[in-house]
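Architecture at a glance
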2 protein chains.
Amino acid sequence: MASRRNFIKNTSIAGMGLFAVPGFAHNSFSAADKLNVGLIGVGLRGTNHLQNLLLRKDVNVTAICDVDADRITIAKKHIADAMGKTPKVFGANELDYKNLLALPDVDAVIIATPWLWHTRMTVDAMEAGKYAGVEVSASNTLEECWDLVNTHERTGTHMMILENVNYRRDVLAVLNMVKQNIFGEMVHYRCGYQHDLRHVKFNDGKTAYGKGVEFGEKGISESKWRTEHSVKRNADVYPTHGLGPIAVMADVNHGNRFMSMTSHASKGIGLHNYIVKEGGEEHPNAKVKFKQGDVITSTIDTANGETIIITHDCNLPRPYSLGFRAQGANGLWEVDGSRIYVEGKSEPHQWDDAQPWLDTYDHPLWKKYGEYALNAGHGGMDFFVLNSFVESAKQNIAPPLDAYDAAAWSAVTPLSELSIANNGEPQDFPDFTRGLWMKRTPYNWMKETY
Amino acid sequence: MASRRNFIKNTSIAGMGLFAVPGFAHNSFSAADKLNVGLIGVGLRGTNHLQNLLLRKDVNVTAICDVDADRITIAKKHIADAMGKTPKVFGANELDYKNLLALPDVDAVIIATPWLWHTRMTVDAMEAGKYAGVEVSASNTLEECWDLVNTHERTGTHMMILENVNYRRDVLAVLNMVKQNIFGEMVHYRCGYQHDLRHVKFNDGKTAYGKGVEFGEKGISESKWRTEHSVKRNADVYPTHGLGPIAVMADVNHGNRFMSMTSHASKGIGLHNYIVKEGGEEHPNAKVKFKQGDVITSTIDTANGETIIITHDCNLPRPYSLGFRAQGANGLWEVDGSRIYVEGKSEPHQWDDAQPWLDTYDHPLWKKYGEYALNAGHGGMDFFVLNSFVESAKQNIAPPLDAYDAAAWSAVTPLSELSIANNGEPQDFPDFTRGLWMKRTPYNWMKETY
């Protein structure tokens, strides 16, 4: 397993001075120690993580893996430019990542691959004793959710779901408000992924997010694998950007848990319409039947009596919104319209602009590192989620967003699919903690370190 | 039955010149003919209707009914001031309304009584051949929903559910946009009643909406009867302000229908908290157990594949919002934030301020009568819903919002209660049209008369 003993001391990294990270890298870890990180998947998302890793003093990127040679070339150049070194490279076939996992000079891995690989690779990483970070969503099926939990428990190796929205500035400020009881006892939440992904699900096979209506074999980047989930599944296939932040506010798996859920799918016309509009009625993809409804609405009941609405709305033209609401006995926040109402503080029946509230309750992390994080190229919320992963991995302690969280949040996908297929029939969430949610205390989110 | 033949000609009404309604009263009805209207219930809401009726040239208020003598006194004064006449008065006991319904000089009745009386009185009105208008919500149980439909069909008498929000200016402008296909094929809707009613559900027994934590026998006005529904029922007891407008946009009962629904209730703490805060822990009402959850979320599947989320959120501190969204293949409107996005018209991924869109698509009715309706005391949307009722009753034709609409919308209350009690189990909507929804063409909403 990764531990401080395993970290290779390496101080000869070129160029790091240019990107010196202030203070924080020294809080919990000697600057001389480095976490050896391997990257599985260096597509657009993995490269983003790579770039942020390369800015850190306390990380050594020792190995990369991708089946796409072009992506390897790009990643190697980033590493050479920043570190003057050549990583070990894997990707000869789809299972070559296992050889990366066998390396002694990999302490931790970041998995940023197509969804169908997330759980497989995370499980294999934990089996190999590598502290694992996996991109969202973590699992495709209920069995995979259990695989994450069971492997974590059996091996003792940690994993973190790398949900960056949990570190968004407004989200952490509202979490701060929730923890300080500004909204009183919490009652109701809303969230979702409302993002017009038509330009992501289709392209021309040349540019990731350009024009075109190809996907699968003829597509590139996300359209190559992501769109198939819209063809084959009528489910909320991407719940965590919305649900992750809400789950933390609601202490899910730490004194609370998701109990059951119903889901409803609208008709699905957006993707077909887009193909016809951009590619014409005669384009072969105009014949594709997409199972996924355009707007999927799920409602969760929690053990503590809150309800949570989750929306998946990715196939229609619309501006982006994660649709957050956090509502308690004393007031509520709504991200749409950026507004807050707190009884006794706000004018009766009148919304406050949220910003002054968000400023007042700015999270310690953002207060300390916000300026750094927001500077060009440092990733904003991506900086914080990665920081949290690295700091947790360095100490080999449980991360803020663990296997139980990954399992509970990702379970929305198969459970929504079952509910939709059964006319909205309620589906019970497995208790991935096997009862321990009652005893587990909340993770301490209100600190300024990671 | 009420018909043009029954209208008593009465041109000797004092003061009407002062309140002359422009033009519209003459469109479909001779100014010399008057609709004789009886009012059952002249509480705050009924008196509001009374005042608006008294402004019309084409209406004669011939009878009023209320068990509260004080309210009768107020109503009589309004009538005397406006018409110089004394109406026939009923209210000796709770069933005295039946004597009002027996009057030959009543063509139509407006029912604005506590919810438990709505269906009973509407059914009796139709049995008596009186064109019936009933306040929202229309029915408390599924059987009552059927009572409305069956009585209408058996007697041939019409009824209208007096949902004023269907006539709100933004709602009618968006309906105009939907009808003109601005949003393309419709996919998803949201609506609800999000209104802090704590000052309505409780008072001091002296003023309707003042301070105090009394209800039931010790309360007055709405707290006298309305609050009991929060004690006894865990249901969306007030769905129509939100659902009525959406049902019309979605052509429900006219080529579409509600198929099934799931509902979820959050914990219910708001009303108890309010009693403790305002009345102290020792107040007897602090012991009352309220069944109603604070936030109730229902999701409907329609026959045409849209989904509709309905929210009931009346027990917590929050600013008012009906939470509308109307979303189609080309774009969407959201009332929160007052914003619209239409692909190809709006800047990509950017919301437009809704107002210019709403101005452009202002409904013909509001274009013609908006200035009049908005003048002090003329009721705004209340003017339009009443106008629609009176004009339909004068012609004795089916109203825009009929028995099938009243039944389908009101059915949300008992169905949500069943679903909540059964862990979110989906509940099928009865087909109140007995299959005719497939053939019924949409009501023509886009006219400038009523």
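Structure: above.
Conventions and cut-offs
- Residues numbered from 1 in each chain as written.
- Chains lettered and ligands numbered in written order.
- Predicted model: local features only at pLDDT ≥ 70, side-chain atom pairs only at ≥ 80, totals over all residues.
- Heavy atoms only, no water.
- Least-squares fit on C-alpha atoms with pLDDT ≥ 70 in both.
- Contact = heavy atoms within 4.5 Å.
- Buried area = accessible area lost by both parts, 1.4 Å probe.
- Salt bridge = Lys/Arg side-chain N within 4 Å of Asp/Glu carboxyl O.
- Helix = DSSP H or I, 4+ residues; strand = E, 2+ residues; numbered from the N terminus.
- Nonpolar A, V, L, I, M, F, W, Y, C, P; charged D, E, K, R; others polar.
- Phe/Tyr/Trp six-rings, centres within 6.5 Å; stacked < 30°, edge-to-face > 60°.
- Buried < 20%, exposed > 50% of the residue type's maximum accessible area, 1.4 Å probe, protein only.
- Lys NZ or Arg CZ within 6 Å of the ring centre and 35° of its normal.

**Topic: the relation of the copies chain B and chain A**
In summary, the two copies of the chain are related to each other by a rotation about an axis coupled with a shift along it. Superposing chain B onto chain A takes a rotation of 180° combined with a translation of 0.0 Å along the rotation axis, leaving an RMSD of 0.0 Å. What the rotation and shift describe, once combined, is the action of a two-fold rotation axis.

**Re the interface of chain B and chain A**
Taken together, the contact between chain B and chain A spans 54 residues of the former and 54 residues of the latter. Summing the contributions of chain B and of chain A, the shared interface buries around 4,200 Å²; its carbon and sulfur component is 51%. Across the contact surface, chain B and chain A share ten salt bridges. In this structure, Glu343 of chain B engages Arg198 of chain A in a salt bridge whose closest nitrogen and oxygen atoms are separated by 2.5 Å. Those elements that place two or more of their residues in the side of chain B that touches chain A are strand S7 (186-194), strand S8 (258-265), helix H10 (270-279), strand S9 (295-302), strand S10 (307-313), strand S11 (325-328), strand S12 (331-334) and strand S13 (339-342) of chain B. When grouped by side-chain class, the residues that make up the side of chain B that touches chain A number 14 nonpolar, 22 polar and 18 charged.

**Some words on the environment of Met186 of chain B**
Within the fold, Met186 of chain B resides in strand S7. In sequence terms Met186 of chain B and Val59 of chain B are 127 residues apart; their C-alpha atoms lie 39 Å from each other. If we skip the residues at most four places from it in the chain, Met186 of chain B touches Lys267 of chain A together with Val178, Glu306, Ala326, Gln327 and Gly328 of chain B.

**Examining the packing of aromatic side chains**
To describe a pair of aromatic rings, one takes the distance between the centres and the angle between the planes. This structure, assessed with the given rule, holds 40 aromatic pairs over all chains. Ring centres of Tyr97 of chain B and Trp117 of chain B lie 6.2 Å apart, and the angle between their planes is 75°; on these two criteria the pair is classed as edge-to-face. Taken as a pair, Tyr97 of chain B in helix H3 (residues 97-101) and Trp117 of chain B in helix H4 (residues 115-127) lie far apart in primary sequence, 20 residues in all. Each member of the pair Tyr97 of chain B and Trp117 of chain B is classed as buried. Geometrically, the ring pair formed by Tyr369 of chain B and Phe383 of chain B is edge-to-face, given 6.1 Å between the ring centres and 65° between the ring planes. Highlighted residues: Tyr369 of chain B in helix H12 (residues 364-374) and Phe383 of chain B in helix H13 (residues 381-395), separated in sequence by 14 residues. Both residues of the pair, Tyr369 of chain B and Phe383 of chain B, count as buried. Among the aromatic residues, those joined into a ring-pair cluster are Trp115, Tyr193, Trp225, Tyr238 and Tyr320 of chain A. Note that Lys447 of chain B overlies the ring of Tyr450 of chain B, its terminal NZ or CZ placed 4.4 Å from the centroid.

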